[in-house]
Amino acid sequence: MKDTPMSNCERDFILKAIEEKKRLDGRQTYDYRKIKITFGTDYGCCFVDLGQTRVMAQVSCELVVPKENRPNEGIMFFNLELSPMASPAFEQGRQSELSVKLNRQLERCLRNSKCIDTESLCVVSGEKVWQIRVDVHTLNNDGNLMDAASVAAIGALCHFRRPDVSIQGEEVTVYSPEERDPIPLSIYHMPISVSFAFFQQGTFLLVDPCEREERVMDGLLMIAMNKHREICSIQSSGGIMLLKEQVMRCSKIASVKVSEITELINKALLNDKTARKAGGRCGFAESMPQERITALKTDQTAVEMTDVSETASSIVQTAVAPPQTVPSPSVPVPGVGQVGEGLRNTWGLEEEEEEEEEESCGGDSVEEVTKMDVELHQEDKSRTVDVVEILDSDEEEEEVVILYPEATKKPKNTGSSSGQKGAGASRKQKKK
Amino acid sequence: MLSTRIQSGKTKMSETQFSRLSNLHAVNSSGSKSVCVRSAKSGLKSTLILTHCSYLDRDSHRSADGEKRTSQCATGVFKGRVTSVQAAFREFGCEQTLLSRPDGSASFVQGDTSVMAGVYGPAEVKISKEIYDRATLEVLVHPKVGLPGVRERSQEQCVRETCEASLLLSLHPRSSLTLVLQVLHDDGALLSCCLNAACMALMDAGLSMSCLFCGVTCAISADGEIITDPTAAQEKESRALMTFAIDSKERRVMMSSTKGSFSVHELQQCVAASQKASEKIFQFYRDSVRRRYSKNL
Amino acid sequence: EDSSVSTERVGEILLPGDEFCCGPKDTLPLTDSGKSERLVAGPGLRRSGDRLLVSRSGVLRHKEPNKFWIESQQRRYVPAKGETVIGIVTVKSGDVFKVDIGGSEVASLSYLAFEGATKRNRPNIQVGDLLLAQLVVANKDMEPELVCIDGSGRANGMGVFGTGGLLIKVSLGLVRRLLAPRSDLRADLEQLFPCELAVGMNGRVWVRAGAVQQTLVLANLLQSCDAMTAPQRQQLFRRLQQGAF
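Thresholds, definitions, all that
Residues numbered from 1 in each chain as written. Chains lettered and ligands numbered in written order. Predicted model: local features only at pLDDT ≥ 70, side-chain atom pairs only at ≥ 80, totals over all residues. Heavy atoms only, no water. Helix = DSSP H or I, 4+ residues; strand = E, 2+ residues; numbered from the N terminus. Contact = heavy atoms within 4.5 Å. Areas by Shrake-Rupley, 256 points an atom, 1.4 Å probe, with all protein chains shown as cover. Pairing = 2+ DSSP bridges. Axes fitted to C-alpha atoms, helices over the stretch in contact; angles between N-to-C directions. Buried < 20%, exposed > 50% of the residue type's maximum accessible area, 1.4 Å probe, protein only. Core = buried A, V, L, I, M, F, W, Y, C linked by side-chain atoms within 4.5 Å. Buried area = accessible area lost by both parts, 1.4 Å probe. Salt bridge = Lys/Arg side-chain N within 4 Å of Asp/Glu carboxyl O. Polar contact = N/O pair within 3.5 Å; in protein donor to acceptor, adjacent residues only side chain to side chain. Nonpolar A, V, L, I, M, F, W, Y, C, P; charged D, E, K, R; others polar. UniProt positions renumbered as here; feature names shortened; annotations may be inferred. pLDDT = per-residue confidence, 0-100. Phe/Tyr/Trp six-rings, centres within 6.5 Å; stacked < 30°, edge-to-face > 60°. Lys NZ or Arg CZ within 6 Å of the ring centre and 35° of its normal. Expected span 1.5 Å × (residues − 1). Arc of directions from axis to C-beta.

1. What about the overall build of chain A?
For step 1, the next point in the chain: A count of helices and strands for chain A gives 10 helices and 16 strands.
For step 2, the next point in the chain: Taking the contacts inside chain A whose residues are at least 6 apart along the sequence as the reference set, 70% of them involve residues at least 24 apart.
For step 3, the next point in the chain: If you sum the accessible surface of chain A, you get close to 22300 Å²; carbon and sulfur atoms cover 52% of it.

2. Quick notes on the sheet that holds strand E15 (residues 204-209) of chain C
Residues and elements named next belong to chain C.
For step 1, the next point in the chain: Strand order in the open sheet formed by 3 strands is E13-E15-E14, and the pairing between neighbours is antiparallel. In this open sheet, the two edge strands, each paired with only one partner strand, are strand E13 (166-169) and strand E14 (195-200). Sheet twist, expressed as the mean angle between neighbouring strand axes with direction ignored, is 20°.
For step 2, the next point in the chain: Pairing between E14 and E15: 6 bridges, direction antiparallel. Of the residues in E15, the one forming a bridge with Leu197 is Val207.
For step 3, the next point in the chain: Contacts between helix H2 (residues 172-179) and the sheet are confined to E14 and E15, with E14 contributing the most and set at about 120° to the helix.
For step 4, the next point in the chain: Contacting E13, E14 and E15, helix H4 (residues 212-225) crosses the sheet at an angle of about 150° to E15.

3. With respect to unusual backbone geometry
Across residues other than glycine, the phi torsion is negative in most instances, and most of the peptide bonds are trans.
For step 1, the next point in the chain: Cis geometry is adopted by the peptide bond preceding Pro122 of chain B, which originates at Gly121 of chain B and carries an omega value of -10°.
For step 2, the next point in the chain: Along the chain, Pro122 of chain B falls in strand E7 (residues 113-123).
For step 3, the next point in the chain: Here Glu64 of chain C and Pro65 of chain C are connected by a cis peptide whose omega angle stands at -5°.
For step 4, the next point in the chain: The topology assignment puts Pro65 of chain C in the loop between strand E5 (58-63) and strand E6 (67-71).
For step 5, the next point in the chain: Of note, the phi angle at Gln200 of chain A is positive, near 55°, even though the residue is not glycine.
For step 6, the next point in the chain: Among the structural elements, Gln200 of chain A can be located in the loop between strand E11 (192-199) and strand E12 (204-207).
For step 7, the next point in the chain: On the basis of relative accessibility, which here comes to 26%, the residue Gln200 of chain A falls in the partly exposed class.

4. Points about the nonpolar core
For step 1, the next point in the chain: Grouped together as the largest cluster of nonpolar side chains are 64 residues, with contacts concentrated most on Leu157 and Phe196 of chain A.
For step 2, the next point in the chain: Considering each element in turn, this core owes the most residues, 11 residues, to helix H3 (residues 145-159) of chain A.
For step 3, the next point in the chain: What Leu157 of chain A contacts, discounting residues up to four positions off in sequence, is Val59, Met76, Leu110, Ile116, Ile132, Val134, Leu185 and Ile187 of chain A.
For step 4, the next point in the chain: Within the second largest apolar cluster, 62 residues are counted, among which are Ala117, Leu190, Cys214 and Phe282 of chain B.

5. Brief notes about the interface of chain C and chain A
For step 1, the next point in the chain: If you look at the interface, chain C gives 20 residues, while chain A gives 15 residues.
For step 2, the next point in the chain: Of the roughly 1400 Å² buried where chain C meets chain A, counting both sides, 66% is carbon and sulfur surface.
For step 3, the next point in the chain: Its largest share of buried area at the contact with chain A, chain C owes to Leu166, Val212 and Leu216 of chain C, together 35% of the area lost on that side.
For step 4, the next point in the chain: Taken together, the links from chain C to chain A amount to 0 salt bridges.
For step 5, the next point in the chain: If you look at where chain C meets chain A, you find 5 residue pairs in polar contact (both at pLDDT 80 or more).
For step 6, the next point in the chain: Of all the elements in the fold, those that place two or more residues in the side of chain C that touches chain A are strand E7 (84-93), E13, E15 and H4 of chain C.
For step 7, the next point in the chain: Looking at the side of chain C that touches chain A element by element, the count peaks at 5 residues for H4 of chain C.
For step 8, the next point in the chain: In the side of chain C that touches chain A, the residues fall into 9 nonpolar, 8 polar and 3 charged.

6. Some remarks on the sheet that holds strand E14 (residues 231-237) of chain A
Residues and elements named next belong to chain A.
For step 1, the next point in the chain: Spatial ordering of the open sheet is given by E12-E11-E13-E14, a layout of 4 strands whose pairing is antiparallel. Unpaired on one side and paired on the other, E12 and E14 mark the two borders of the sheet. Along the sheet, successive strands turn relative to each other by an average axial angle of 20°, direction set aside.
For step 2, the next point in the chain: The sheet contact formed by E11 and E12 spans 4 bridges and is antiparallel. The partner of Ala197 across the bridge, within E12, is Leu206.
For step 3, the next point in the chain: In the packing of helix H2 (residues 97-110) onto the sheet, the strands contacted are strand E13 (219-225) and E14, and the crossing angle to E14 comes to about 155°.

7. Re the pattern of salt bridges
Where charged atoms from two side chains of opposite charge approach closely, those side chains can pair.
For step 1, the next point in the chain: As enumerated under the stated definition, the model contains 35 salt bridges over all chains in all.
For step 2, the next point in the chain: Where Arg54 of chain A meets Asp49 of chain A, a salt bridge forms, and the shortest distance between an N and an O atom there is 3.4 Å.
For step 3, the next point in the chain: Between Asp187 of chain B and Arg90 of chain B there is a salt bridge, with its nearest N and O atoms 3.6 Å apart. Here Asp187 of chain B is found in the loop between strand E9 (176-185) and helix H6 (190-204), whereas its partner Arg90 of chain B is found in the loop between strand E4 (88-89) and strand E5 (92-96), with 97 residues between them in sequence.

8. Some thoughts on the UniProt feature "domain: Exoribonuclease phosphorolytic" (unreviewed entry) in chain A
Residues and elements named next belong to chain A.
For step 1, the next point in the chain: The feature "domain: Exoribonuclease phosphorolytic" (unreviewed entry), as annotated in UniProt, sits at residues 32-163 and 189-255 in this numbering.
For step 2, the next point in the chain: Secondary structure across residues 32-163 divides into 22% helix and 36% strand, with the first and last C-alpha atoms of the span separated by 36 Å.
For step 3, the next point in the chain: The span residues 189-255 shows a helical share of 27% and a strand share of 39%, and its end C-alpha atoms are spaced 14 Å apart.

9. Some remarks on the confidence of the model for chain A
Residue and element names in this part refer to chain A.
For step 1, the next point in the chain: Averaged over every residue, the pLDDT of chain A is 78; residues scoring 70 or more account for 67%.
For step 2, the next point in the chain: Per-element averaging of pLDDT across chain A places helix H10 (residues 410-431) at the bottom with 42 and H3 at the top with 95.
For step 3, the next point in the chain: Counted against residues more than four places away or in other chains, residues 350-390, with its pLDDT under 50, gives 51 contacts.
For step 4, the next point in the chain: Predicted confidence for residues 407-432 stays below pLDDT 50, and this span has 50 contacts to residues more than four positions away or in other chains.

10. Focus: the packing of aromatic side chains
For step 1, the next point in the chain: One pass over the full model with this rule turns up 6 aromatic pairs over all chains.
For step 2, the next point in the chain: Residues Phe282 of chain B and Tyr285 of chain B carry aromatic rings whose centres are separated by 5.9 Å and whose planes lie at 75° to one another, so their mutual orientation is edge-to-face. Residue Phe282 of chain B and its partner Tyr285 of chain B are located together in helix H8 (residues 264-292), separated by 3 residues, close to a single helical turn.
For step 3, the next point in the chain: Connected via pairs of aromatic rings, a cluster forms that spans Phe92, Phe108 and Phe284 of chain B.
For step 4, the next point in the chain: The ring of Tyr293 of chain B carries Arg292 of chain B above its face, with NZ or CZ at 5.7 Å from the centroid.
For step 5, the next point in the chain: Cation over ring: Arg122 of chain C sits above Tyr111 of chain C, and NZ or CZ is 4.1 Å from the ring centre.

11. Points about the UniProt feature "domain: Exoribonuclease phosphorolytic" (unreviewed entry) in chain B
Residues and elements named next belong to chain B.
For step 1, the next point in the chain: Taking the UniProt record as the reference, the feature "domain: Exoribonuclease phosphorolytic" (unreviewed entry) is found at residues 89-207 and 212-276.
For step 2, the next point in the chain: What you have in residues 89-207 is 27% helix and 34% strand, and the ends, taken at the C-alpha atoms, are 28 Å apart.
For step 3, the next point in the chain: For residues 212-276, the helix share is 28%, the strand share is 46%, and the end-to-end C-alpha distance is 15 Å.

12. With respect to helix H5 (residues 150-166) of chain B
Note on helix geometry: an α-helix contains 3.6 residues per turn, so any two residues three or four positions apart are oriented the same way.
Residues and elements named next belong to chain B.
For step 1, the next point in the chain: Its 17 residues place the ends of H5 25 Å apart at the C-alpha level, agreeing with the 24 Å of an ideal helix rising 1.5 Å per residue.
For step 2, the next point in the chain: Of the positions making up H5, those classed as buried are Glu152, Gln155, Glu156, Cys158, Val159, Thr162, Cys163 and Ser166. Here the buried residues of H5 occupy an arc of 165° about the axis, which is enough to place them on one side.
For step 3, the next point in the chain: Where H5 is buried, its residues meet strand E8 (136-142), E9, H6, strand E10 (213-221), strand E12 (238-247) and strand E13 (253-260).

13. Focus: the pairing of strand E9 (residues 171-174) of chain A
All names here are of chain A.
For step 1, the next point in the chain: Two elements, strand E8 (residues 165-168) and E9, share 4 bridges in a ladder whose sense is antiparallel. Residue pairing in the sheet places Gln168 in a bridge with Glu171 of E9.
For step 2, the next point in the chain: The turn linking E8 back onto E9 is made up of 2 residues, and Gly169 within it adopts a positive phi angle of 65°.

Structure (structure tokens):
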């Protein structure tokens, strides 16, 4: 599916508005859209709404063999999926450029910055380590997927709890959540990416571009930073030439934004923790806003089931019982399959009827092809065929010559060959 | 919201149902948000509830309808096996039009299981996939963890068959309808939650349908009990699991997907139970659409 | 089919699969003439044998004397003949422009379908331009075709436009409300500040006001009006008029 093309007047208008320091939704140049962070029912699930952009991240873990050159470090695996739900331009399966770029940026932001202590994920050095897998699903694309994905990923990692493990000599016991409380990952710092969009060859910049702004931008600068003002990753794409002062200014803006967002994540984590302690339900279901008219919720309901058993019994009693035995197929010679009853060919006599049938039902050439295929399989099963027929259903005429040394197969052969001829003939008639 | 339901339903619901509901939920005095607290204490001060508390089993969802039990015992004795139908739905909720890009979107929640659906269509179709006289429906199910595998493909096929049977595809030849389902949390009855979310999203997109459909899951436990809308724990311990797609006009079965072994009688009981249960879901669809159009724009 | 019974259900919210008309046997005819009345079934209703089935969810509406339809909130456009739409030119090839109108297929527009266009005098249209055009061929089996002239060969407001304004996408319901004959929404908008509006039935609206800021305000207003009732909207407009923008 293709996305709607951008018209020239939209492009011109957006650029003109940016020159006047005005944005489409009334934000200031350095403003983020409203960020909403919620967590799911199980540990490690995080939903992030950045304006209309929505993403979901889920963290899971499993025990695997570690990499050979790093035997006592755990493995982190990131997967950002551009779902076709998020935008009509995203297609299922194909790794588009944007998908590769976002995945790479997410990996650099989170793995190369060593925000997670991978050595604590080691269980048995050289044999078993935890592999932490982060899946980020994009639900709605309204621009700036990268920032939303990074917030969701780090939020999910902070929220995640892995099963507790104990080692006794050679034995490794993994405890389920009911036996022992799962333990959180050890996270050193929280890198968060901030995106800057540049317009007019670097003259104007905007923070957190929305989808339409992304389409007209010249280039994008992504700075991943943590709240201790350490830059974890910097990436500039689009080929814009940036001056040193611009990059310094961007990093200052980024540090302010990162501290705000980190504050938001911590607050959301705290809310979730208190909600779970209080024993309340949490998760996507609870985060659904109830006051909107587009949302509705009901409570646990019982269903009237008084006459379920009676209807079921009556249906069973009135239904015809299936046959207890199935007629077994007869096999004339071992190694030979058979279709039909092996009687004398009656197709030649019924040719006219078959033509009428064909005309009446509009010429079902599919059936013919399957008949042909069936015959082909039948022939294949008999190993003594010397000439393999090539059944090309596109050919108008078919001269089929079959050589069978065994006499027992003759009735079948005549049946099949004349059948084919018959079918071929009838098809010829149809094509006329 | 719970408080208004109880007040309006006081005369209609049987007392045992009423007390069971209030037993499982505690309501704030403001009634704004209901928090589910699984304890025998109820927040409402009413002698009616307290007298019935003792009859209720706190943990199981066993229905306390006396008449039902006797009739089932009667059939149980007749057939020689213990069958009772535990028919209760977990909380369910939905939200429509929650995503700005898709033409139609909905999220459906059943207890803890939640699925989000997005629909695009009728839109451009690739030449290789176009069908000359009807729309090409593509269903995608994305699991929460990992890449889609064989299980997701079979779920996609089930959903697609149901949708193709109820949508009027011949109104949009040579165009594509894409339905994407994202699993947000799986706590049992996933396929029926997918079906319900798909139906609401198709309605939200305004696609022409000949009828609505809903999904109901039944699990047969090891001792022959039929549970509708099972949780993941109940599913794991069941000996058979069935999902049916029921249509809204004549309550017929449009699609069935079963796992495990069961007898013919049990199958018919599950079908009948699903048909009964589907009425609740269709009423819920109606209520949510009514609420949606309640504003006079 | 008796219209007296049907009008009782007007304003009711119906779901796909509901039956709309009941049989004539249990109703009293409004007029005693005894002849059957014709019912015009609009969008959302379809005929199946001698019954009318609802195929979309929405509110049942009625227009005298016998038109019934289902009003639903929809975003995707399905081309219909005779509607005026805003299209974006995607391909300019030889004699024909390919124009995106938001439907399932790209529409075609001949270069001769403009006022005063001849083989020598081609219209000056670039890829990415906005066009206001009318659909002359639009059914489910054929590629849609547009023209920028009306029956008598005059442009009548159609053609290329769009410099200085902003194009926004709204729901089809809002567009219908804007184009209704006595539209409250339009009346309220007129009182705000002078502006130009071009409305396409495919859910696209082009706005232009005196200043960039005003255009932005107008665009955001229209998008939020989509989900507001009349009193809420009037309140918002009043707040705007009082506050400085």
